[in-house]
Amino acid sequence: REAGFMGVIEESNFEEGKKHNFSGRGTDRKTTKEELEIEILRLLDDPALMSRAGKLGREMMEKYFSVESMTDEIIKVYEEAGLKVETDR
């Protein structure tokens, strides 16, 4: 067993997942085939949950992890270090 599983990402566990890079690293959670099976079946048995999880995943990835948002974060770090950053945006 190894770390690396946060379960289905929902609004209730998104921040925890983000904190641990959606991998479970840095937590005591362990990945087992039984846990994976439970979560996969949970999604397959609940189309509404599958849809919500998919929409949330897309929204959060676009908000926090798109090229644009990641570039903004990097620029912010440089500016906090006192460097002037010029962009075409």
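Asks: I'm lost on the overall build of the protein in this one. Help?
Replies: Summing up its helical and strand segments, the protein has four helices and zero strands in all. Each helix and strand of the protein, placed in order from N terminus to C terminus, yields the pattern α-α-α-α. Rg of the C-alpha trace for the protein: 17 Å, well past the compact-globule value of 12 Å for 89 residues, more than 25% over. Each principal axis of the C-alpha distribution contributes one length, and for the protein these read about 50 × 30 × 15 Å. For the protein, the residues scored as buried account for 24% of the 89 residues in total. Look at the contacts in the protein between residues 6 or more apart in sequence, and 48% of them connect residues 24 or more apart. By element, 53% of the accessible surface of the protein is carried by carbon and sulfur atoms, the whole surface being about 7000 Å². Across the protein, the mean location of the 15 positive side-chain charges is 2 Å away from that of the 21 negative side-chain charges.

Asks: I would appreciate a short explanation of the pattern of salt bridges in the present structure.
Replies: Oppositely charged side chains can pair when the atoms bearing their charge come close. Inspection of the entire model under this criterion finds three salt bridges. A salt bridge links Arg 58 to Glu 62, with the shortest nitrogen-to-oxygen separation between them at 3.1 Å. Taken together, the residues span about one helical turn, with Arg 58 and Glu 62 both in helix H3 (residues 47–65) at a distance of four residues. The exposure class assigned to Arg 58 is exposed, which follows from its relative accessible area of 58%. One salt-bridge network, in which partners are shared between bridges, spans Glu 10, Glu 39 and Arg 42.

Asks: What is the right way to read the packing of H3 against helix H4 (residues 67–80) from this model?
Replies: Two numbers describe a pair of packed helices, the interaxial angle and the distance between the axes. One way to put it is that H3 packs onto H4 with a least axis distance of 5 Å and a crossing angle of 35 degrees. Residues Glu 62, Lys 63, Tyr 64 and Phe 65 of H3 form the contact with H4, whose own contacting residues are Val 67, Ser 69 and Met 70.

Asks: Explanation requested: the confidence of the model for the protein in the structure shown.
Replies: Regions with low pLDDT should not have their predicted coordinates read in detail. Confidence in the prediction of the protein, expressed as mean pLDDT, is 85, and 92% of residues score 70 or more. Mean pLDDT across the elements of the protein bottoms out in helix H1 (residues 14–19) (84) and peaks in H4 (93).

Asks: Explanation requested: the environment of Thr 27 in the structure shown.
Replies: As for its placement among the helices and strands, Thr 27 is situated in the loop between H1 and helix H2 (33–45). Judged by its relative accessible area of 18%, Thr 27 is buried. C-alpha of Thr 27 to C-alpha of Glu 16: the two residues are eleven residues apart in sequence and 9.8 Å apart in space.

Procedures and definitions
- Residues numbered from 1 in each chain as written.
- Predicted model: local features only at pLDDT ≥ 70, side-chain atom pairs only at ≥ 80, totals over all residues.
- Heavy atoms only, no water.
- Helix = DSSP H or I, 4+ residues; strand = E, 2+ residues; numbered from the N terminus.
- Rg over C-alpha atoms; globule rule 2.2 N^0.38 Å.
- Buried < 20%, exposed > 50% of the residue type's maximum accessible area, 1.4 Å probe, protein only.
- Contact = heavy atoms within 4.5 Å.
- Areas by Shrake-Rupley, 256 points an atom, 1.4 Å probe, with all protein chains shown as cover.
- Lys, Arg positive; Asp, Glu negative; His and termini not counted.
- Charge placed at Lys NZ, Arg CZ, Asp CG, Glu CD.
- Salt bridge = Lys/Arg side-chain N within 4 Å of Asp/Glu carboxyl O.
- Axes fitted to C-alpha atoms, helices over the stretch in contact; angles between N-to-C directions.
- pLDDT = per-residue confidence, 0-100.

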